[in-house]
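One letter stands for each residue in the lines below.
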Amino acid sequence: MRQNVMHPISKNEFTDVKKMYAVVSGKGGVGKSLITSLIAVGLRREGYEVGIFDADITGPSIPKMFGVSGAKIESDSKAIYPVRTHNDIKIMSMNLLLNKEDAPVIWRGPLIAKTIEQFWTEVGWGILDYFLIDMPPGTGDVALTVFQSLPIDGIIIVTSPQDLVSLIVKKAYNMAKQMDIPIIGIVENMSYAICPHCGKEFDIFGKSKLEDVAEQLDLRILGRIPIDPELTKLCDKGEIEKVRNLYLDSCIEVLKRDVGEGL
Ligand SMILES: Nc1ncnc2c1ncn2[C@@H]1O[C@H](COP(=O)(O)OP(=O)(O)OP(=O)(O)O)[C@@H](O)[C@H]1O
């Protein structure tokens, strides 16, 4: 794990994580939570122990994608415990602690940062090969706090075709560089479209800029995800674990190699 964390917070005795990755984006609305979920599903299918920490506190959508929104959180005098999905991925999210799923979280930065800290110090995650953090969108205070306090091994940047054109993606890139956190690579979501009727692929945003930007910033391409109606349907039904095409084979291979090196 990264040693040069500026303000490290201790974990509890019930948590042992081999690799911790943060999934980030330059701004909101690029499908970061979906990509986090797909990576978790892919790693779990390979037999790894996986946890997702939904740090997107003001817009938590991970429990819904896995169909565990109404799940009851277990706790005892020592810790609170993450919810387990159908395929045994562990999840903790603000959404699970709220009485009503659609209750807004209207908090200021310091309180959000404190809550994120508690998700690490007071949740008994158990032994995990991979701990994925679905970061708040953008590069604001909360993201900074997470980067400064958790021993993150690397970040995965999620971008949209528009963000590649406008280079908003560079915000996330620069933040990781400044914090000295390795960038594992970049995923382009909504890269192209698949016709629900004939399955044909369409470059609806024109030719992808992913390769150009990846070369310019020296980033590894981890995947290109199309707008796939199947993904929308599975997210809505809370059945993302039933996904047939992950579109993230190279991402999963890279992460597998990374954990192998750490053993
Ligand atoms: N590639 C895709 N194909 C089909 N549907 C998608 C795709 N990406 C995102 N969606 C749909 O958009 C919804 C919102 O996605 P998600 O919660 O990941 O992103 P967001 O909240 O808009 O953005 P972010 O997490 O980046 O803040 C998903 O539940 C899904 O229905």
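All figures in this text were calculated on a predicted structure; none of them were measured in a lab. (Residues numbered from 1 in each chain as written. Predicted model: local features only at pLDDT ≥ 70, side-chain atom pairs only at ≥ 80, totals over all residues. Heavy atoms only, no water.)

1. Some details on the environment of F147
Turning to step 1, where the next piece is worked out: Locating F147 in the fold gives a position in helix α5 (residues 141–149).
Turning to step 2, where the next piece is worked out: When its relative accessible area of 2% is taken as the criterion, F147 is described as buried. (Helix = DSSP H or I, 4+ residues; strand = E, 2+ residues; numbered from the N terminus. Buried < 20%, exposed > 50% of the residue type's maximum accessible area, 1.4 Å probe, protein only.)

2. Some thoughts on the pattern of salt bridges
Turning to step 1, where the next piece is worked out: Scanning the entire structure with this criterion turns up 11 salt bridges.
Turning to step 2, where the next piece is worked out: With a shortest N-O distance of 3.6 Å, R224 and E188 are connected by a salt bridge. Of the two residues, R224 is situated in strand β12 (residues 221–224) and E188 in strand β9 (residues 183–188); the sequence distance between them amounts to 36 residues.
Turning to step 3, where the next piece is worked out: Take E188: its relative accessible area is 0%, and that puts it in the buried class.
Turning to step 4, where the next piece is worked out: Between E239 and K237 there is a salt bridge whose closest N-O contact spans 3.7 Å.
Turning to step 5, where the next piece is worked out: Residue K237 is classed as exposed on the basis of its relative accessible area of 51%.
Turning to step 6, where the next piece is worked out: Connected through salt bridges with shared partners, the residues K32, D56 and D134 form a single ionic network. (Salt bridge = Lys/Arg side-chain N within 4 Å of Asp/Glu carboxyl O.)

3. Concerning the packing of aromatic side chains
Turning to step 1, where the next piece is worked out: All chains considered together, the criterion is met by seven aromatic pairs.
Turning to step 2, where the next piece is worked out: Ring centres of F53 and W125 lie 6.5 Å apart, and the angle between their planes is 50°; this geometry places the pair in the tilted category. Residue F53 is located in strand β2 (residues 50–54), and its partner W125 is located in the loop between α4 (109–121) and β7 (126–134); the two are separated by 72 residues in the primary sequence. There is no split in this pair, since F53 and W125 are both buried.
Turning to step 3, where the next piece is worked out: Seen in terms of ring centroids, W125 and F131 are 4.8 Å apart; in terms of plane orientation they differ by 85°. Their pairing is edge-to-face. With respect to class, W125 is no different from F131; both count as buried. (Phe/Tyr/Trp six-rings, centres within 6.5 Å; stacked < 30°, edge-to-face > 60°.)

4. Quick notes on the layout of surface pockets
Left-over empty space is what a probe sized like a water molecule reveals as it rolls over the atoms.
Turning to step 1, where the next piece is worked out: What the largest pocket holds in volume is close to 170 Å³.
Turning to step 2, where the next piece is worked out: Around the largest pocket sit G31, L34, M65, N189, M190, P226, I227, D228, L231, T232 and C235, which together line it.
Turning to step 3, where the next piece is worked out: Looking at which element gives the most residues to the lining of the largest pocket, the answer is helix α9 (residues 229–237), with three residues.
Turning to step 4, where the next piece is worked out: Its residues assigned to classes, the lining of the largest pocket shows seven nonpolar, three polar and one charged. (1 Å grid on protein atoms, 1.4 Å probe; cavity = no way out; pocket = protein on both sides within 12 Å on 5 of 7 lines; lining within 4 Å. Points joined across faces, edges and corners; volume = space filled by probe spheres on them. Nonpolar A, V, L, I, M, F, W, Y, C, P; charged D, E, K, R; others polar.)

5. A look at the sheet that holds β7
Remark on secondary structure: sheet strands pair via backbone hydrogen bonds, oriented parallel or antiparallel.
Turning to step 1, where the next piece is worked out: One open sheet accounts for eight strands, arranged β5-β6-β2-β7-β1-β8-β9-β12; its pairing is mixed. With one partner strand each, in any of the chains shown, β5 (83–84) and β12 form the two edges of the open sheet.
Turning to step 2, where the next piece is worked out: The pairing of strand β1 (residues 15–24) with strand β8 (residues 154–159) spans four bridges and is parallel. Following the sheet pairing, A22 is matched in β8 by I155.
Turning to step 3, where the next piece is worked out: Across the face of the sheet, helix α8 (residues 210–217) comes into contact with β9 and β12 while running at roughly 165° to β12. (Pairing = 2+ DSSP bridges. Contact = heavy atoms within 4.5 Å. Axes fitted to C-alpha atoms, helices over the stretch in contact; angles between N-to-C directions.)

6. What about the site of the ligand?
Turning to step 1, where the next piece is worked out: Lining the immediate surroundings of the ligand are 18 residues, of which K32, L34, N189, P226 and T232 lie closest.
Turning to step 2, where the next piece is worked out: Note that an oxygen atom of the ligand is positioned 3.0 Å from one of the backbone N or O atoms of K32.
Turning to step 3, where the next piece is worked out: Contact between the ligand and L34: an oxygen atom at 2.8 Å from a main-chain N or O atom of the residue.
Turning to step 4, where the next piece is worked out: The fraction of the free accessible surface of the ligand (620 Å²) that becomes covered by protein chains is 79%.
Turning to step 5, where the next piece is worked out: When atoms are counted within 2 Å of each cavity's grid points, the one that captures over half of the ligand is the largest pocket. (Near = heavy atom within 4 Å. Polar contact = N/O pair within 3.5 Å; in protein donor to acceptor, adjacent residues only side chain to side chain. Areas by Shrake-Rupley, 256 points an atom, 1.4 Å probe, with all protein chains shown as cover. Sits in = over half its atoms within 2 Å of the grid points.)

Everything listed here is a matter of coordinates, which is why it stays silent on function.
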